[in-house]
Amino acid sequence: QVQLVESGGGLVQAGGSLRLSCAASGRTFSKYAMGWFRQAPGKEREFVAAITRSGGTTYYADSVKGRFTISRDNAKNTVYLQMNSLKPEDTAVYYCAAREGGLTSGTSYPPDFGSWGQGTQVTVSS
């Protein structure tokens, strides 16, 4: 399995931006499709975005489409989540996840991903 460490969370005002990073260990990062999920207090973990192994295809939850952008740099073993126009409802712990193999539009559930980071808190104030 790959080890994942998220960073970049924090407190931001509504309308602001943050960029999350997720650094992966090991030399086989390009074998993994990557995803971002989030979990707010009292709610289930939900899909945010995912990206294929090559970075050529991305998928987004409807709630973040047009505001968030997922990208990856396989040379740096890192996946990013650029979050713009943040809303208070985006407040959550954000988790990076890895899935060995392919990705489709239906690959958006936590059990689809086998490795997880520890999470980073994002708080959006109104």
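Reading the values: the criteria
- Residues numbered from 1 in each chain as written.
- Predicted model: local features only at pLDDT ≥ 70, side-chain atom pairs only at ≥ 80, totals over all residues.
- Heavy atoms only, no water.
- Core = buried A, V, L, I, M, F, W, Y, C linked by side-chain atoms within 4.5 Å.
- Buried < 20%, exposed > 50% of the residue type's maximum accessible area, 1.4 Å probe, protein only.
- Helix = DSSP H or I, 4+ residues; strand = E, 2+ residues; numbered from the N terminus.
- Contact = heavy atoms within 4.5 Å.
- Polar contact = N/O pair within 3.5 Å; in protein donor to acceptor, adjacent residues only side chain to side chain.
- Pairing = 2+ DSSP bridges.
- Axes fitted to C-alpha atoms, helices over the stretch in contact; angles between N-to-C directions.

(A) Quick peek at the nonpolar core. Among the nonpolar cores identified, the biggest contains 36 residues, and M34, W36, V79, L81, M83 and Y94 are the most heavily contacted of them. For this core, the secondary structure elements donating two or more residues are β3 (18-24), β4 (32-39), β5 (46-51), β7 (68-73), β8 (78-83), β9 (92-100) and β11 (120-125). Excluding residues that lie within four positions of it along the chain, V79 makes contacts with L20, S21, C22, F29, M34, W36, I51, I70, S71, R72 and C96.

(B) Fine view of the side chain of R67. Residue position: R67 is located in the loop between β6 (58-60) and β7. Polar contacts involving the side chain of R67 include one to the side chain of D90, which spans 2.8 Å. Beyond its immediate stretch of four places on either side in the chain, R67 contacts Q82, M83, N84, S85, L86, K87 and D90.

(C) Molecular detail of the sheet that holds β8. Taken together, the 4 strands give an open sheet; going across it, the order is β1-β3-β8-β7, and neighbouring strands pair in antiparallel fashion. The sheet is open, and its two borders are formed by β1 (4-7) and β7, each paired with just one other strand. The sheet shows a mean angle of 15° between the axes of neighbouring strands, direction not considered. In this sheet, β8 lies alongside β7 in antiparallel orientation, the contact comprising 6 bridges. Among the inter-strand pairings, T69 is bridged to a residue of β8, identified as Q82.

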